[in-house]
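Letter by letter, the chains look like this.
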Amino acid sequence: MSLFDAISVAATSLDAQSTRLNTISSNLANANAVSSSAEETYRAQYPVFETILNELSNGNGMDAVSGVRVSGIAQSDLPAVREYVPTHPMADDEGFIYRPAINSVEEMANMMEASRSYQDSIEAMNTAKQLIMRTLTLGR
């Protein structure tokens, strides 16, 4: 694996973690949304990651270039939280409102993890860049 391949793998991680941060942000933004039916209630979204492995022939054998990508966005199947608030303007005929089943603390922990993974990928790219620059200066 060349240093350029290392940068490429880190770039796929940046893209995947960016999608993860966007879905987490959407979940947090809608955590307190209210609706008048369980079907209309916002459902938390989570990216589904898959590894990618491309076989490249370089004449000397096979080299593998890998990474990660988002294969889709899954929605939570948890039921909406039902609250009895008959005075709420969005209450249904029985006086209930519905909120998404989103745990804000869990989402914040996921956000911190995704942010750290994003930072790690940037650090890996910077290290590979520094190694490339040092390699270029070896002949001087």
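From a predicted model like this one, the values you see are computed outputs, not experimental measurements.

About the cut-offs
Residues numbered from 1 in each chain as written. Predicted model: local features only at pLDDT ≥ 70, side-chain atom pairs only at ≥ 80, totals over all residues. Heavy atoms only, no water. Salt bridge = Lys/Arg side-chain N within 4 Å of Asp/Glu carboxyl O. Helix = DSSP H or I, 4+ residues; strand = E, 2+ residues; numbered from the N terminus. Buried < 20%, exposed > 50% of the residue type's maximum accessible area, 1.4 Å probe, protein only. Expected span 1.5 Å × (residues − 1). Polar contact = N/O pair within 3.5 Å; in protein donor to acceptor, adjacent residues only side chain to side chain. pLDDT = per-residue confidence, 0-100. Contact = heavy atoms within 4.5 Å. Phe/Tyr/Trp six-rings, centres within 6.5 Å; stacked < 30°, edge-to-face > 60°. Axes fitted to C-alpha atoms, helices over the stretch in contact; angles between N-to-C directions. Parallel < 35°, antiparallel > 145°, perpendicular 65-115°, else oblique. Left-handed = near helix turned anticlockwise from the far one by under 90°. Nonpolar A, V, L, I, M, F, W, Y, C, P; charged D, E, K, R; others polar.

Novice: Talk me through the pattern of salt bridges; I want residue IDs and the actual numbers.
Specialist: Opposite charge on two side chains lets them pair, provided their charged atoms get close. Enumeration according to the criterion identifies 4 salt bridges in this entry. Note that Glu113 and Arg20 form a salt bridge whose closest N and O atoms lie 3.4 Å from each other. Note that Glu113 is positioned in helix α2 (residues 104–136) and Arg20 in helix α1 (residues 3–29), a separation of 93 residues in sequence. Accessibility expressed as a relative area gives 45% for Glu113, which makes it partly exposed. In this structure, Glu50 and Arg69 form a salt bridge, with 2.7 Å as the shortest nitrogen-oxygen distance. Of the two residues, Glu50 sits in strand β1 (residues 45–57) while Arg69 sits in strand β2 (residues 62–75), which places them 19 residues apart along the sequence.

Novice: Describe α2, naming the residues involved and giving the relevant values.
Specialist: If you check α2, its first and last C-alpha atoms are 48 Å apart, about what 33 residues at 1.5 Å a residue would give, namely 48 Å. Of the residues making up α2, those classed as buried are Glu107, Ala114, Ser121, Ala128 and Ile132. Residue Asn103 occupies the N-cap position of α2, its side-chain oxygen lying 3.0 Å from the main-chain nitrogen of Val105.

Novice: How would you sum up the confidence of the model for the protein? Please name residues and give values.
Specialist: Here the protein averages 89 in pLDDT, and 91% of its residues register 70 or above. The secondary-structure element of the protein with the lowest mean pLDDT is β1, recorded at 81, while strand β4 (residues 96–99) shows the highest, at 96.

Novice: Just give me the short version of the side chain of Arg20, but keep the residues and values in it.
Specialist: Judged by relative accessible area, Arg20 falls into the buried class, the value being 13%. Among residues more than four places away in sequence, those in contact with Arg20 are Pro47, Phe49, Asn110, Glu113 and Ala114.

Novice: I'd like to hear about the packing of aromatic side chains, residue by residue, with values.
Specialist: In the structure shown here, the tally under the stated rule is 1 aromatic pair. For the pair Tyr84 and Phe96, a centre-to-centre distance of 5.4 Å together with 65 degrees between the ring planes defines the contact as edge-to-face. Remark: Phe96 occurs in strand β4 and Tyr84 occurs in strand β3 (residues 81–84); sequence separation between them is 12 residues. The exposure class of Tyr84 is exposed, given its relative accessible area of 55%.

Novice: Residues and numbers for α1, please.
Specialist: Its 27 residues place the ends of α1 39 Å apart at the C-alpha level, agreeing with the 39 Å of an ideal helix rising 1.5 Å per residue. Within the span of α1, buried status applies to Ala10, Thr12, Ser13, Leu14, Ala16, Gln17, Arg20, Thr23, Ile24 and Asn27.

Novice: Before we move on, can you summarise the environment of Ser76 with the specific residues and values?
Specialist: With respect to the helices and strands, Ser76 occurs in the loop between β2 and β3. Classification of Ser76 by relative accessible area gives buried; the value is 15%. Along the backbone, Ser76 and Ile97 are 21 residues apart, and their C-alpha atoms lie at a distance of 19 Å. If we ignore the near neighbours within four places in the chain, the residues touching Ser76 are Arg43, Ala44 and Tyr46. A distance of 3.1 Å separates a polar side-chain atom of Ser76 from the backbone nitrogen of Leu78.

Novice: Describe the packing of α1 against α2, and please don't skip the residues or the numbers.
Specialist: Axis separation between α1 and α2 bottoms out at 9 Å; the angle between their running directions is 160 degrees. By the angle between their directions, the pair α1 and α2 is classed as roughly antiparallel. With respect to the hand of their crossing, α1 and α2 are arranged in left-handed fashion. Residue composition of the contact of α1 with α2, by class: 19 nonpolar, 10 polar and 4 charged.

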